[in-house]
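The chain contents come next:
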Amino acid sequence: MAITLATLATWYVDDIDQIVDELVSSGVEFVRYDQFEHDAKGITARAGGERIAWFQDPDGNTFALEADV
């Protein structure tokens, strides 16, 4: 069965590693999907060199951070 990812909003950032670190230190947990490979921080490489990380709000809405390499 295919899983459809629906992201409510995406923020494009310059330094995804820094933003992920800041959010994790504030208690945000990043979502890891079985069909993607993630690094230790939960960031996934995308075609074209971009990197993306997903997280959810308390209501289950999915958001993403994305950055060019």
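Values in this document were obtained by computation on a predicted structure and should not be read as measured data.

Draft legend 1. Spotlight on the environment of Asp-68. With respect to the helices and strands, the residue Asp-68 is situated in the segment after strand S5 (62–67). A residue is classified by how much of its surface remains accessible, and Asp-68, at 61% relative accessible area, is exposed. C-alpha separation for the pair Asp-68 and Ala-40, spaced 28 residues apart in sequence, amounts to 18 Å. Among residues more than four places away in sequence, those in contact with Asp-68 are Gly-49 and Glu-50.

Draft legend 2. Representation of the side chain of Thr-44 within the structure. Secondary-structure assignment places Thr-44 in strand S3 (residues 44–45). Beyond its immediate chain neighbours, meaning those up to four positions away, Thr-44 contacts Phe-36, Glu-37, His-38, Glu-50, Arg-51, Ile-52 and Trp-54.

Draft legend 3. Quick look at the pattern of salt bridges. Summed over the entire model, instances satisfying the criterion amount to 5 salt bridges. Between Lys-41 and Asp-17 there is a salt bridge, with its nearest N and O atoms 3.5 Å apart. A residue pair is termed long-range when its members are at least 10 positions apart, and Lys-41 in the loop between strand S2 (30–31) and S3 and Asp-17 in helix H1 (residues 16–25) qualify at 24 residues. Salt bridges sharing common partners tie together Asp-17, Asp-21, Asp-39, Lys-41 and Arg-51.

Draft legend 4. The packing of aromatic side chains, seen in detail. One pass over the full model with this rule turns up 6 aromatic pairs. Between the aromatic rings of Trp-11 and Phe-55, the centroid separation amounts to 6.4 Å while the plane-to-plane angle is 20°, which identifies the pairing as stacked. Here the residue Trp-11 occupies a position in strand S1 (residues 9–12), and Phe-55 occupies one in strand S4 (residues 51–56), the gap between them amounting to 44 residues. Exposure remark for Phe-55: the relative accessible area of 13% places this residue in the buried category.

Draft legend 5. Structural detail: the environment of Leu-23. Relative to the elements of secondary structure, Leu-23 occurs in helix H1. Under the relative-accessibility criterion, Leu-23 is labelled partly exposed at 25%. Separated by 39 residues in sequence, Leu-23 and Thr-62 have C-alpha atoms that sit 15 Å apart.

Criteria and cut-off values
Residues numbered from 1 in each chain as written. Predicted model: local features only at pLDDT ≥ 70, side-chain atom pairs only at ≥ 80, totals over all residues. Heavy atoms only, no water. Helix = DSSP H or I, 4+ residues; strand = E, 2+ residues; numbered from the N terminus. Buried < 20%, exposed > 50% of the residue type's maximum accessible area, 1.4 Å probe, protein only. Contact = heavy atoms within 4.5 Å. Salt bridge = Lys/Arg side-chain N within 4 Å of Asp/Glu carboxyl O. Phe/Tyr/Trp six-rings, centres within 6.5 Å; stacked < 30°, edge-to-face > 60°.

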